[in-house]
Amino acid sequence: MKEIKITDIKGIKVGHAQDPVGATGCTVIICEQGAWAGVDVRGGGPASRETELLKPINMVEQIHAVMLSGGSAYGLDAGSGAMAFLEEKGVGFDVGVGVVPIVCGASLFDLVVGDPKSRPDKAMGYQACVNAGSGPVAEGNVGAGTGASVGKFQGVDHMMKSGLGTYALQIGELQAAAIVAVNALGDVVDADTGKRIAGLLNEDNTALWNTEEAMYAQYADDKNVFSGNTTIGCIVTNAKLTKSQANKLASIAHNGFARAIRPVHTMADGDTIFVMATGEVEVMPDAVGALATDVMARAINRAARMAEPAYGLKAAKDFY
C-alpha cells in the first residue's frame, strides 16, 4: 500500500476557485471520459444537484463532474459553470443535437463565516474547471473548504475553522481517493486514536470541548441547534464498478465519516458522499469499500489539520 495523489487516477482532474474575502468557494472533480457514479445522502439538511439520476433504476450510467461548493443552496449554481465548460469541450451525454454534461453536486452552509451575499455562482464554477489539473491538489482554506467550520453545537461563537482535505492510496493496481469539505456540527477526531483535532471550543475558547458531552449534558433541552452544517465529499477510484455498486460504495464510505466526525449524520447536517469510478481495474467491491472508508476518514483529518485560522476562527493549528 502506498500513498498517492487523487489526480494520479487516470482521467481525473481537480480544480478550486474561491472568494477568500467572502469566505466561500467551490471544488470540481472532472472525468471527461465519464465515470460510473453513485451517491448516498445521510444528513437531514442537504443541498444537492442531480442526485436523483444516480439511482440505479434511472437511465444515465456515467457522469462527467462532481461540484462541491459553499454558499448553501445558492452554491448549486456553480454546477452550471461546469456544464458550460464541459459543453465547450464537447464532453457530455450525447443527445443527438449536442451533448449534455452530467454534473452532480452538493453545497455546504458557510454563509455565517464571511459575506453571506458572496456565493459560488456559474462564473466561479467555470473558473474552477479552468483551474482543474492533474497536479497536487491544494488543501485547507481553498475551494469548497474556504468557509468551512466545525463544532457548532453551541453556535458560531464557539466553532472552529475547518477546510478541504484529500487522501489517496494504491494497493497493486487499485487506486482510491477521497476529497472532502468538512463543515460538521460535530468534532473532528483522529481516525486512529480518537483524539479530538478540531470542533467545539470551551466557554472562553481556550481549549477544545466535546460536542457529545455537551449534548448529553443538555439532553432534556430541545434546543434550536445551529443548522448551518454539512460535510460533502467524493470517493474517486479506478475500480470497475456498476452503478449499483457505486451507490453501495458511497454508502460504505460514510463509515469514514463515522470514524472521523463525532457526532455525525445529525438532523442538522446534510452529509453527502459521491462516488466516481473510472472502470480500469477488476476488483472485489468490498475491498474497495474498506479502502474508501480509510481514505475518507484520513481526508477528513487532513481537512481539519490543513485549515488555517481565519475569519476570527481558531483552527487545529492553534492547539497542536
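The chain carries the name P1 family peptidase in an unreviewed UniProt entry, which gives Sinanaerobacter chloroacetimidivorans as its organism.

> Can you tell me about the nonpolar core, naming the residues and giving the values?
Soluble, globular proteins show a tendency: their nonpolar side chains are buried together. Within the largest apolar cluster, 39 residues are counted, with the highest numbers of intra-cluster contacts made by Val182, Ile235, Met296 and Ile300. Elements represented by at least two residues in this core include exactly strand 11 (164-171), strand 12 (174-181), strand 14 (196-198), strand 15 (232-239), helix 4 (243-260), strand 17 (272-281) and helix 5 (285-305). In terms of residue count, the dominant contributor to this core is helix 5 (ten residues). Counting residues in each nonpolar core, the second largest holds 32 residues, with Leu54, Val66, Ala177 and Met276 among its members.

> Quick rundown of the sheet that holds strand 13 (residues 187-189)? Include the residues and the values.
The sheet built from three strands is open, its strands ordered 14-13-16 with antiparallel pairing. At either end of the open sheet lies a strand with only one pairing partner, and these are strand 14 and strand 16 (261-262). Relative to strand 14, strand 13 is paired through two bridges, and the arrangement is antiparallel. Bridge pairing in strand 14 links valine 189 to arginine 196.

About the criteria used
Residues numbered from 1 in each chain as written. Predicted model: local features only at pLDDT ≥ 70, side-chain atom pairs only at ≥ 80, totals over all residues. Heavy atoms only, no water. Core = buried A, V, L, I, M, F, W, Y, C linked by side-chain atoms within 4.5 Å. Buried < 20%, exposed > 50% of the residue type's maximum accessible area, 1.4 Å probe, protein only. Helix = DSSP H or I, 4+ residues; strand = E, 2+ residues; numbered from the N terminus. Pairing = 2+ DSSP bridges.

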